[in-house]
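# A look at the structure
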Amino acid sequence: MNEFSSAAETASRIRNGDITASAVIEETLRVIEEKEKDLNALITFLREEALQEAKELDRRIAAGEADGPLLGVPVVVKDNMCTKGIKTTCGSRILERWKPPYDAWVVEKLREAGAILVGKSNMDEFAMGSSTEHSAYGPASNPWDIERVTGGSSGGSAASVSAGYVPVALGSDTGGSIRQPAAFCGVFGMKPTYGLVSRFGLVAFASSLDQIGPFARNVEDLALMLSVISEHDPRDATCVGADRPDYLAAAERSSLAGVKVGVVREFLTAAVEPEISKAVLDTAAAMKEAGASLVDVKLPSAGKAGLPCYYILAPAEASSNLARYDGIRYGKREEAGDLMELYFKTRGSGFGKEVKRRILTGTYVLSSGYYDAFYLRALKVRRLICMEFESAFEKADLILMPTAPSLPFRKGELVDDPLQMYMSDVFTLPVNLAGLPGLSMCVGRSGKGLPLGVQLVAPQWQESLILKCGRAVEDAFGPAPVAGRGGM
Ligand code: GLN
């Protein structure tokens, strides 16, 4: 058992008694200790807690009291998911001391499934960003090239899986924050349909867009994670709780005969890195080889108006959600003479630049004089984008496109250029606006050795179809290797 093992393998070997959970966790801690200085993928490292839990789990396994699909599997979750008694910072100074009194639903589910939490991962502050450079705890580094960014905002989770800390991790995706870092770090990352996974205990950014999803190095592990976290939760009113299909069966090797894959050729322009456009076409060819047929589809509004629409709606929702960090609750409080000064000083020192920019934008687009011109109009554009996807899905069963227009960029390159940074999500955020599931897959490496990512998007609740097609793509290009070792 080592850093290359999958979650499914690890759980089954522990279940069979081939290896103990303690041995798995010791190896995990060794890998983290070796690489974390370079990567800064974790905000909180739960070293002692993980060892303790593994020991206790081994005792319960020996007594025949413990089992579960993730038995003894080390996991990392993004630091915007509540963990009882464990710091949950959201990458922000304003929450640097906050310890939630409860576990998020997904954390509860992981624990019930036998997983062992080894860390809380680094992220852009309040999940706002595409590089993990907007973290109050320093940027994370890309395991393929530590001078480059991991992508974001779930960059720490993507890097943890890419570097072999853990086989699986959780992130959240509001406009691309699972898929874009998955592409940058060379792993698989899935944003489920809005409403499949409970957001209970996920610190809210933009509530109509936020969704939790898994990272892994192969499709089977994604399916395993999805089956664990997608159970219905009555505490999130948007959690739909439909009958869950057998995701593991969907991820088994099968022919793609009868599947129509829509390729958005209009997205493969000069603005997209040529090696990424080629990766999309190579993936299309591999899917055809596996039995699928290819059709052309168009998404003109998603491509043109998606970005401005998202950057009105997401900040609008954020400005409201982040009003709760007022210096009264959540720990951080600056000295002040009166209440107004307390708000100003605490929020002034507690929030970083990008978060302030979003709050200001959001407040502006919601203000009475501009509401119709910006917010209301963006809602209409959102509807248009949904309809455009609906008509594309009349021609195709699912859609193939780039995950991001560029390869992982260098640290510092875009951090002072918010508009360029926002462009990183141009292909991912329309998927959130329409509430659809999307999967970013690693399909090889560029001439410079950087990971190439492409994205599959399906109609709502068609996670099984995505997994089936994702598996065919994985069979063609191989599972994601641990960065710097073997494969591809
Ligand atoms: N990068 C996008 C943003 O900054 C998306 C973030 C996310 O999905 N959480 O808003």
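Quick summary incoming for the structure in this document. Note that the structure is a prediction, hence the values are computed from the model and not measured.

## Remarks on the pattern of salt bridges
If you walk through the whole model with that rule in mind, you get 30 salt bridges. With a shortest N-O distance of 3.1 Å, Glu48 and Arg47 are connected by a salt bridge. A relative accessible area of 51% places Glu48 in the exposed class. Residue Arg47 is classed as partly exposed on the basis of its relative accessible area of 29%. Measuring nitrogen to oxygen at the nearest pair gives 2.6 Å for the salt bridge that ties Glu354 to Arg358. On the criterion of helical spacing, the pair formed by Glu354 and Arg358 is a turn pair, its members being four residues apart in helix α12 (residues 353-366). For the pair formed by Glu354 and Arg358, the shared burial category is buried. Salt bridges linked by common partners bring Arg93, Glu96, Lys332 and Glu334 together as one network.

## Thoughts on the site of the ligand
Looking at the ligand, there are 15 residues lining it, with Thr174, Gly175, Ser177, Tyr310 and Arg358 nearest. Contact between the ligand and Gly176: an oxygen atom at 3.2 Å from a main-chain N or O atom of the residue. Between the ligand and Ser177 there is a distance of 2.7 Å, counted from an oxygen atom to a side-chain nitrogen or oxygen. In isolation the ligand offers 290 Å² of accessible surface; the protein chains occlude 100% of this area. Class assignment of the residues belonging to the shell around the ligand gives a composition of five nonpolar, seven polar and three charged.

## Digging into the packing of helix α4 (residues 105-112) against helix α7 (residues 219-229)
Geometry of a packed helix pair, given as the angle between the helix axes and the separation of the axes. At a closest axis distance of 9 Å, the pairing of α4 and α7 adopts a crossing angle of 115°. When the axes of α4 and α7 are compared, the pair comes out roughly perpendicular. Seen along the crossing, α4 lies across α7 with a hand that is right-handed. Side by side, α4 and α7 meet where Trp105, Val106, Lys109 and Leu110 of the first sit next to Met225, Val228 and Ile229 of the second.

## Details of the packing of helix α9 (residues 274-289) against helix α16 (residues 463-477)
For the pair α9 and α16, interaxial distance at closest approach is 9 Å and the crossing angle is 105°. Between α9 and α16, the crossing angle belongs to the class labelled roughly perpendicular. In this structure, α9 contributes Asp282, Thr283, Ala286 and Met287 to the contact, and α16 contributes Cys469, Val473, Ala476 and Phe477.

## Concerning the sheet that holds strand β5 (residues 188-191)
Judged by pairing direction, the sheet is mixed, and its 11 strands sit side by side in the order β1-β3-β2-β4-β6-β5-β10-β11-β9-β7-β8 without closing on themselves. Among the strands making up the open sheet, the edge pair consists of β1 (42-45) and β8 (293-296). The mean angle between the axes of side-by-side strands here comes to 25°, regardless of whether they run parallel or antiparallel. Of the pairings in the sheet, the one linking β5 to strand β6 (residues 211-216) comprises two bridges and is antiparallel in character.

Definitions and cut-offs
- Residues numbered from 1 in each chain as written.
- Predicted model: local features only at pLDDT ≥ 70, side-chain atom pairs only at ≥ 80, totals over all residues.
- Heavy atoms only, no water.
- Salt bridge = Lys/Arg side-chain N within 4 Å of Asp/Glu carboxyl O.
- Buried < 20%, exposed > 50% of the residue type's maximum accessible area, 1.4 Å probe, protein only.
- Helix = DSSP H or I, 4+ residues; strand = E, 2+ residues; numbered from the N terminus.
- Near = heavy atom within 4 Å.
- Polar contact = N/O pair within 3.5 Å; in protein donor to acceptor, adjacent residues only side chain to side chain.
- Areas by Shrake-Rupley, 256 points an atom, 1.4 Å probe, with all protein chains shown as cover.
- Nonpolar A, V, L, I, M, F, W, Y, C, P; charged D, E, K, R; others polar.
- Axes fitted to C-alpha atoms, helices over the stretch in contact; angles between N-to-C directions.
- Parallel < 35°, antiparallel > 145°, perpendicular 65-115°, else oblique.
- Left-handed = near helix turned anticlockwise from the far one by under 90°.
- Contact = heavy atoms within 4.5 Å.
- Pairing = 2+ DSSP bridges.

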